[in-house]
Amino acid sequence: MPMKDQANKLREMALNLCNQIEADLGKEIKHTRVIAISSGKGGVGKSTLALNLALKLCSMGKKVIVMDADLGMANIDIMLGLIPQHNLYHMIRDKKPIKDIIINGPGGLKIIPGGSGITDLANLDEYEIKRILVEMGKLDGDYNYMVVDTGAGISNNVLKFLLACDDVIILTTPEPTSLTDAYGVLKSVNRYGFSGNIYLVVNRVTNEAEGVLVAEKFKLVSEKFLARKISILGYILQDNHVEQGIRRQEAFSDLFPTSPASRNIDDIAERLLENDGARIKILPSPNSGIKGFLKKLTGFIR
Ligand SMILES: Nc1ncnc2c1ncn2[C@@H]1O[C@H](COP(=O)(O)OP(=O)(O)O)[C@@H](O)[C@H]1O
Ligand SMILES: [Mg+2]
(Lines give C-alpha, C1' and ligand atoms only; values in the text may rest on other atoms or scores of the structure.)
(Ligands and ions follow the chains in the order given, each with its own letter.)
Protein backbone atom coordinates (compact mmCIF):
# COMPACT_ATOMS: atom_id res chain seq x y z
CA MET A 1 0.00 0.00 0.00
CA PRO A 2 1.45 3.43 -0.94
CA MET A 3 2.56 5.63 1.98
CA LYS A 4 -0.15 8.23 1.32
CA ASP A 5 -2.95 5.68 1.39
CA GLN A 6 -1.60 4.20 4.59
CA ALA A 7 -1.50 7.63 6.24
CA ASN A 8 -5.07 8.28 5.14
CA LYS A 9 -6.17 4.96 6.52
CA LEU A 10 -4.51 5.66 9.86
CA ARG A 11 -6.09 9.10 9.97
CA GLU A 12 -9.47 7.56 9.26
CA MET A 13 -8.95 4.99 12.02
CA ALA A 14 -7.97 7.71 14.48
CA LEU A 15 -11.05 9.72 13.50
CA ASN A 16 -13.29 6.71 14.01
CA LEU A 17 -11.76 6.10 17.40
CA CYS A 18 -12.29 9.73 18.33
CA ASN A 19 -15.92 9.58 17.26
CA GLN A 20 -16.40 6.40 19.23
CA ILE A 21 -14.90 7.95 22.38
CA GLU A 22 -17.08 11.02 21.93
CA ALA A 23 -20.14 8.81 21.56
CA ASP A 24 -19.19 6.82 24.66
CA LEU A 25 -18.63 9.97 26.67
CA GLY A 26 -21.98 11.27 25.49
CA LYS A 27 -23.50 8.09 26.81
CA GLU A 28 -21.66 8.38 30.10
CA ILE A 29 -22.80 11.96 30.61
CA LYS A 30 -26.33 10.62 30.63
CA HIS A 31 -25.63 9.14 34.06
CA THR A 32 -28.49 9.57 36.46
CA ARG A 33 -27.63 11.95 39.31
CA VAL A 34 -28.33 10.08 42.55
CA ILE A 35 -29.36 12.36 45.42
CA ALA A 36 -29.97 11.21 48.98
CA ILE A 37 -32.35 12.98 51.34
CA SER A 38 -31.03 12.58 54.88
CA SER A 39 -31.50 13.89 58.38
CA GLY A 40 -30.15 13.27 61.85
CA LYS A 41 -33.53 13.12 63.53
CA GLY A 42 -36.57 11.28 62.25
CA GLY A 43 -39.83 12.98 61.37
CA VAL A 44 -38.27 16.21 60.12
CA GLY A 45 -39.81 15.95 56.64
CA LYS A 46 -37.48 13.77 54.53
CA SER A 47 -40.20 11.85 52.73
CA THR A 48 -42.21 15.03 52.25
CA LEU A 49 -39.20 16.74 50.64
CA ALA A 50 -38.22 13.68 48.60
CA LEU A 51 -41.68 13.36 47.06
CA ASN A 52 -42.44 17.02 46.47
CA LEU A 53 -38.97 17.92 45.20
CA ALA A 54 -39.09 14.95 42.82
CA LEU A 55 -42.50 16.05 41.55
CA LYS A 56 -41.29 19.60 41.03
CA LEU A 57 -38.27 18.38 39.06
CA CYS A 58 -40.68 16.32 36.91
CA SER A 59 -42.78 19.39 36.21
CA MET A 60 -39.59 21.18 35.16
CA GLY A 61 -39.10 18.57 32.46
CA LYS A 62 -36.69 16.26 34.28
CA LYS A 63 -37.08 12.51 34.38
CA VAL A 64 -37.09 11.47 38.01
CA ILE A 65 -37.33 8.24 39.97
CA VAL A 66 -37.66 8.04 43.75
CA MET A 67 -36.23 5.13 45.69
CA ASP A 68 -37.96 4.55 48.98
CA ALA A 69 -35.01 3.42 51.06
CA ASP A 70 -36.16 4.22 54.58
CA LEU A 71 -35.90 0.88 56.29
CA GLY A 72 -37.94 1.77 59.32
CA MET A 73 -40.83 3.48 57.63
CA ALA A 74 -40.87 3.30 53.89
CA ASN A 75 -43.91 5.38 53.04
CA ILE A 76 -43.72 7.30 49.78
CA ASP A 77 -46.38 4.92 48.42
CA ILE A 78 -48.67 5.58 51.39
CA MET A 79 -48.22 9.31 50.96
CA LEU A 80 -49.68 8.86 47.48
CA GLY A 81 -52.29 6.26 48.35
CA LEU A 82 -50.56 3.69 46.14
CA ILE A 83 -50.35 0.00 46.90
CA PRO A 84 -47.28 -1.52 45.26
CA GLN A 85 -47.58 -5.19 44.32
CA HIS A 86 -43.84 -5.76 44.49
CA ASN A 87 -40.77 -4.12 45.96
CA LEU A 88 -37.00 -4.53 45.89
CA TYR A 89 -37.36 -7.71 47.91
CA HIS A 90 -39.08 -9.35 44.94
CA MET A 91 -36.42 -8.18 42.55
CA ILE A 92 -33.69 -9.58 44.74
CA ARG A 93 -35.29 -12.79 46.02
CA ASP A 94 -37.79 -13.70 43.30
CA LYS A 95 -35.66 -12.32 40.46
CA LYS A 96 -38.44 -10.03 39.23
CA PRO A 97 -37.29 -7.59 36.54
CA ILE A 98 -36.88 -4.00 37.72
CA LYS A 99 -39.64 -2.80 35.38
CA ASP A 100 -42.14 -4.95 37.31
CA ILE A 101 -41.18 -3.26 40.58
CA ILE A 102 -41.39 0.38 39.49
CA ILE A 103 -44.74 2.06 40.07
CA ASN A 104 -46.16 5.21 38.50
CA GLY A 105 -46.66 8.28 40.62
CA PRO A 106 -48.36 11.50 39.50
CA GLY A 107 -46.85 13.81 36.88
CA GLY A 108 -44.66 11.14 35.29
CA LEU A 109 -42.84 10.39 38.52
CA LYS A 110 -41.58 6.81 38.95
CA ILE A 111 -41.13 5.10 42.29
CA ILE A 112 -39.08 2.11 43.43
CA PRO A 113 -40.75 0.74 46.57
CA GLY A 114 -38.02 -0.49 48.87
CA GLY A 115 -39.82 -2.70 51.34
CA SER A 116 -37.73 -5.22 53.16
CA GLY A 117 -35.51 -5.51 50.07
CA ILE A 118 -33.53 -2.50 51.24
CA THR A 119 -31.62 -4.51 53.85
CA ASP A 120 -31.12 -7.32 51.36
CA LEU A 121 -29.50 -4.85 49.00
CA ALA A 122 -26.75 -4.44 51.56
CA ASN A 123 -26.22 -8.18 52.05
CA LEU A 124 -25.87 -9.80 48.66
CA ASP A 125 -23.41 -12.42 47.52
CA GLU A 126 -21.21 -11.77 44.52
CA TYR A 127 -23.44 -13.47 41.98
CA GLU A 128 -26.50 -11.61 43.18
CA ILE A 129 -24.61 -8.31 43.17
CA LYS A 130 -23.76 -8.79 39.51
CA ARG A 131 -27.35 -9.62 38.66
CA ILE A 132 -28.71 -6.60 40.54
CA LEU A 133 -26.07 -4.35 39.00
CA VAL A 134 -27.14 -5.42 35.53
CA GLU A 135 -30.84 -5.27 36.40
CA MET A 136 -30.90 -1.89 38.12
CA GLY A 137 -28.08 -0.54 36.00
CA LYS A 138 -30.57 -0.61 33.10
CA LEU A 139 -32.13 2.49 34.64
CA ASP A 140 -28.90 4.50 34.48
CA GLY A 141 -29.23 7.35 32.05
CA ASP A 142 -33.00 6.85 31.65
CA TYR A 143 -33.52 9.38 34.42
CA ASN A 144 -31.94 12.74 35.18
CA TYR A 145 -32.35 12.18 38.91
CA MET A 146 -32.84 9.36 41.32
CA VAL A 147 -33.97 10.74 44.69
CA VAL A 148 -33.22 8.34 47.53
CA ASP A 149 -35.38 8.76 50.62
CA THR A 150 -33.21 7.35 53.40
CA GLY A 151 -33.73 6.60 57.06
CA ALA A 152 -32.76 9.08 59.76
CA GLY A 153 -29.48 9.07 61.64
CA ILE A 154 -26.08 7.56 61.03
CA SER A 155 -26.52 3.84 61.60
CA ASN A 156 -24.19 1.80 59.37
CA ASN A 157 -26.94 1.02 56.93
CA VAL A 158 -28.03 4.62 56.49
CA LEU A 159 -24.45 5.82 56.17
CA LYS A 160 -23.80 3.26 53.43
CA PHE A 161 -26.70 4.65 51.45
CA LEU A 162 -25.56 8.24 51.88
CA LEU A 163 -21.99 7.51 50.87
CA ALA A 164 -23.16 5.60 47.80
CA CYS A 165 -25.09 8.60 46.44
CA ASP A 166 -23.64 11.34 44.24
CA ASP A 167 -25.03 14.17 46.39
CA VAL A 168 -26.59 14.39 49.83
CA ILE A 169 -29.30 16.79 50.96
CA ILE A 170 -29.25 17.20 54.74
CA LEU A 171 -32.60 18.23 56.13
CA THR A 172 -33.08 19.77 59.55
CA THR A 173 -35.63 21.83 61.43
CA PRO A 174 -34.55 24.87 63.48
CA GLU A 175 -34.83 22.84 66.70
CA PRO A 176 -31.47 22.45 68.48
CA THR A 177 -31.85 18.64 68.70
CA SER A 178 -32.51 18.35 64.98
CA LEU A 179 -29.60 20.68 64.17
CA THR A 180 -27.16 18.79 66.39
CA ASP A 181 -28.15 15.49 64.80
CA ALA A 182 -27.93 16.98 61.30
CA TYR A 183 -24.41 18.15 62.15
CA GLY A 184 -23.66 14.58 63.21
CA VAL A 185 -24.67 13.33 59.76
CA LEU A 186 -22.50 15.96 58.11
CA LYS A 187 -19.54 14.97 60.29
CA SER A 188 -19.89 11.27 59.48
CA VAL A 189 -20.30 11.80 55.77
CA ASN A 190 -17.33 14.14 55.80
CA ARG A 191 -15.18 11.75 57.81
CA TYR A 192 -15.55 9.12 55.07
CA GLY A 193 -14.33 11.61 52.50
CA PHE A 194 -17.63 12.01 50.68
CA SER A 195 -16.78 13.91 47.52
CA GLY A 196 -20.24 14.87 46.22
CA ASN A 197 -22.20 18.01 46.94
CA ILE A 198 -23.62 18.41 50.41
CA TYR A 199 -26.78 20.48 50.37
CA LEU A 200 -28.76 21.89 53.27
CA VAL A 201 -32.50 22.47 53.59
CA VAL A 202 -34.16 23.86 56.73
CA ASN A 203 -37.75 22.69 57.18
CA ARG A 204 -40.65 23.98 59.27
CA VAL A 205 -39.32 27.49 59.76
CA THR A 206 -41.68 30.16 61.09
CA ASN A 207 -40.52 32.84 58.68
CA GLU A 208 -37.98 33.55 55.96
CA ALA A 209 -35.54 35.22 58.35
CA GLU A 210 -35.38 32.13 60.52
CA GLY A 211 -34.79 29.93 57.47
CA VAL A 212 -31.92 32.06 56.21
CA LEU A 213 -30.35 32.53 59.64
CA VAL A 214 -30.40 28.85 60.63
CA ALA A 215 -29.02 27.78 57.25
CA GLU A 216 -26.21 30.34 57.25
CA LYS A 217 -25.22 29.43 60.80
CA PHE A 218 -25.06 25.74 59.94
CA LYS A 219 -22.95 26.54 56.89
CA LEU A 220 -20.56 28.70 58.91
CA VAL A 221 -20.09 26.07 61.58
CA SER A 222 -19.42 23.32 59.04
CA GLU A 223 -16.91 25.45 57.19
CA LYS A 224 -15.19 26.57 60.37
CA PHE A 225 -14.98 23.25 62.20
CA LEU A 226 -15.01 20.69 59.41
CA ALA A 227 -13.55 22.77 56.59
CA ARG A 228 -16.42 21.35 54.53
CA LYS A 229 -18.21 23.48 51.98
CA ILE A 230 -21.94 23.01 51.90
CA SER A 231 -24.52 24.64 49.64
CA ILE A 232 -27.75 26.03 51.00
CA LEU A 233 -30.68 24.92 48.85
CA GLY A 234 -33.29 26.78 50.84
CA TYR A 235 -35.90 26.49 53.56
CA ILE A 236 -39.53 25.38 53.84
CA LEU A 237 -42.07 27.25 55.92
CA GLN A 238 -44.21 25.53 58.52
CA ASP A 239 -47.41 25.20 56.53
CA ASN A 240 -50.52 23.16 57.33
CA HIS A 241 -51.10 22.46 53.63
CA VAL A 242 -48.35 19.85 54.09
CA GLU A 243 -50.39 17.90 56.62
CA GLN A 244 -53.56 18.27 54.56
CA GLY A 245 -51.73 16.64 51.67
CA ILE A 246 -50.60 13.76 53.90
CA ARG A 247 -54.15 13.22 55.11
CA ARG A 248 -55.57 13.23 51.60
CA GLN A 249 -52.74 10.97 50.40
CA GLU A 250 -51.74 13.38 47.68
CA ALA A 251 -48.63 15.50 47.31
CA PHE A 252 -49.30 18.91 48.87
CA SER A 253 -47.43 20.64 46.06
CA ASP A 254 -49.92 19.12 43.59
CA LEU A 255 -52.94 19.99 45.72
CA PHE A 256 -51.80 23.47 46.71
CA PRO A 257 -49.21 24.63 44.17
CA THR A 258 -49.35 28.22 45.37
CA SER A 259 -49.11 27.46 49.10
CA PRO A 260 -46.07 28.93 50.89
CA ALA A 261 -44.38 25.53 51.31
CA SER A 262 -44.95 24.71 47.61
CA ARG A 263 -43.25 27.93 46.59
CA ASN A 264 -40.33 27.00 48.84
CA ILE A 265 -40.08 23.62 47.09
CA ASP A 266 -40.04 25.46 43.73
CA ASP A 267 -37.10 27.57 44.92
CA ILE A 268 -35.24 24.51 46.19
CA ALA A 269 -35.70 22.68 42.87
CA GLU A 270 -34.54 25.71 40.93
CA ARG A 271 -31.44 26.12 43.06
CA LEU A 272 -30.62 22.44 42.67
CA LEU A 273 -30.83 22.68 38.88
CA GLU A 274 -28.83 25.90 38.88
CA ASN A 275 -26.11 24.22 40.88
CA ASP A 276 -26.06 21.18 38.60
CA GLY A 277 -26.00 23.37 35.52
CA ALA A 278 -23.05 25.32 36.87
CA ARG A 279 -21.05 22.20 37.58
CA ILE A 280 -18.03 22.04 35.32
CA LYS A 281 -18.37 19.15 32.94
CA ILE A 282 -15.94 16.82 34.64
CA LEU A 283 -15.61 13.35 33.16
CA PRO A 284 -18.29 11.31 34.85
CA SER A 285 -16.62 8.62 36.91
CA PRO A 286 -17.65 4.97 36.77
CA ASN A 287 -18.59 5.45 40.39
CA SER A 288 -21.39 7.90 39.74
CA GLY A 289 -24.96 7.33 38.64
CA ILE A 290 -27.14 4.37 39.51
CA LYS A 291 -24.44 1.82 38.64
CA GLY A 292 -21.95 3.69 40.83
CA PHE A 293 -24.52 3.87 43.58
CA LEU A 294 -25.02 0.10 43.50
CA LYS A 295 -21.31 -0.61 43.25
CA LYS A 296 -20.58 1.54 46.27
CA LEU A 297 -23.53 0.24 48.21
CA THR A 298 -22.69 -3.39 47.66
CA GLY A 299 -18.94 -2.81 47.92
CA PHE A 300 -19.07 -1.10 51.30
CA ILE A 301 -20.49 -4.21 52.88
CA ARG A 302 -17.49 -6.35 52.19
N1 LIG B 1 -43.12 22.27 56.27
C2 LIG B 1 -44.00 21.54 56.98
N3 LIG B 1 -45.08 22.11 57.53
C4 LIG B 1 -45.96 21.39 58.26
N5 LIG B 1 -45.83 20.08 58.49
C6 LIG B 1 -44.76 19.44 57.98
C7 LIG B 1 -43.79 20.13 57.20
N8 LIG B 1 -42.86 19.22 56.82
C9 LIG B 1 -43.22 18.04 57.34
N10 LIG B 1 -44.36 18.15 58.03
C11 LIG B 1 -45.07 17.07 58.75
O12 LIG B 1 -44.13 16.28 59.45
C13 LIG B 1 -44.48 14.92 59.40
C14 LIG B 1 -43.26 14.07 59.15
O15 LIG B 1 -42.80 14.27 57.84
P16 LIG B 1 -42.05 13.12 57.02
O17 LIG B 1 -41.76 13.68 55.68
O18 LIG B 1 -42.81 11.85 57.09
O19 LIG B 1 -40.71 13.00 57.86
P20 LIG B 1 -39.51 11.94 57.76
O21 LIG B 1 -39.60 11.29 56.42
O22 LIG B 1 -38.28 12.74 57.97
O23 LIG B 1 -39.72 10.97 58.88
C24 LIG B 1 -45.51 14.76 58.29
O25 LIG B 1 -46.68 14.22 58.83
C26 LIG B 1 -45.77 16.15 57.77
O27 LIG B 1 -47.14 16.42 57.78
MG1 LIG C 1 -39.74 9.27 55.88
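Up top is the structure.
About the criteria used
Residues numbered from 1 in each chain as written. Chains lettered and ligands numbered in written order. Predicted model: local features only at pLDDT ≥ 70, side-chain atom pairs only at ≥ 80, totals over all residues. Heavy atoms only, no water. Helix = DSSP H or I, 4+ residues; strand = E, 2+ residues; numbered from the N terminus. Near = heavy atom within 4 Å. Polar contact = N/O pair within 3.5 Å; in protein donor to acceptor, adjacent residues only side chain to side chain. Areas by Shrake-Rupley, 256 points an atom, 1.4 Å probe, with all protein chains shown as cover. 1 Å grid on protein atoms, 1.4 Å probe; cavity = no way out; pocket = protein on both sides within 12 Å on 5 of 7 lines; lining within 4 Å. Sits in = over half its atoms within 2 Å of the grid points. Nonpolar A, V, L, I, M, F, W, Y, C, P; charged D, E, K, R; others polar.

Trainee: Explain unusual backbone geometry to me, please; I cannot follow it from the model alone.
Mentor: Negative phi is the rule for most residues except glycine; trans is the rule for most peptide bonds. The backbone of Arg 204 sits at a positive phi, close to 60 degrees, despite the residue not being glycine. Looking at where Arg 204 falls in the secondary structure, it is placed in strand β7 (residues 198–205). Even without glycine at this site, Ala 227 takes up a positive phi of about 50 degrees.

Trainee: I would appreciate a short explanation of the site of ligand 1 in the present structure.
Mentor: Around ligand 1 sit 15 residues in total, of which Gly 43, Lys 46, Ser 47, Thr 48 and Asn 203 are the nearest. Ser 47 is positioned such that a nitrogen or oxygen atom in its backbone is 2.9 Å from an oxygen atom of ligand 1. Within the backbone of Leu 237, an N or O atom sits 3.0 Å from a nitrogen atom of ligand 1. In isolation ligand 1 exposes 570 Å². Once the protein is present, 86% of that is buried. Judged by the proximity of its atoms to the pocket grid, ligand 1 belongs to the second largest pocket. Secondary-structure elements contributing two or more residues to the shell around ligand 1 are α2 (46–59), β7, β8 (231–237) and α11 (240–248). Residue classes in the shell around ligand 1 are distributed as five nonpolar, six polar and four charged.

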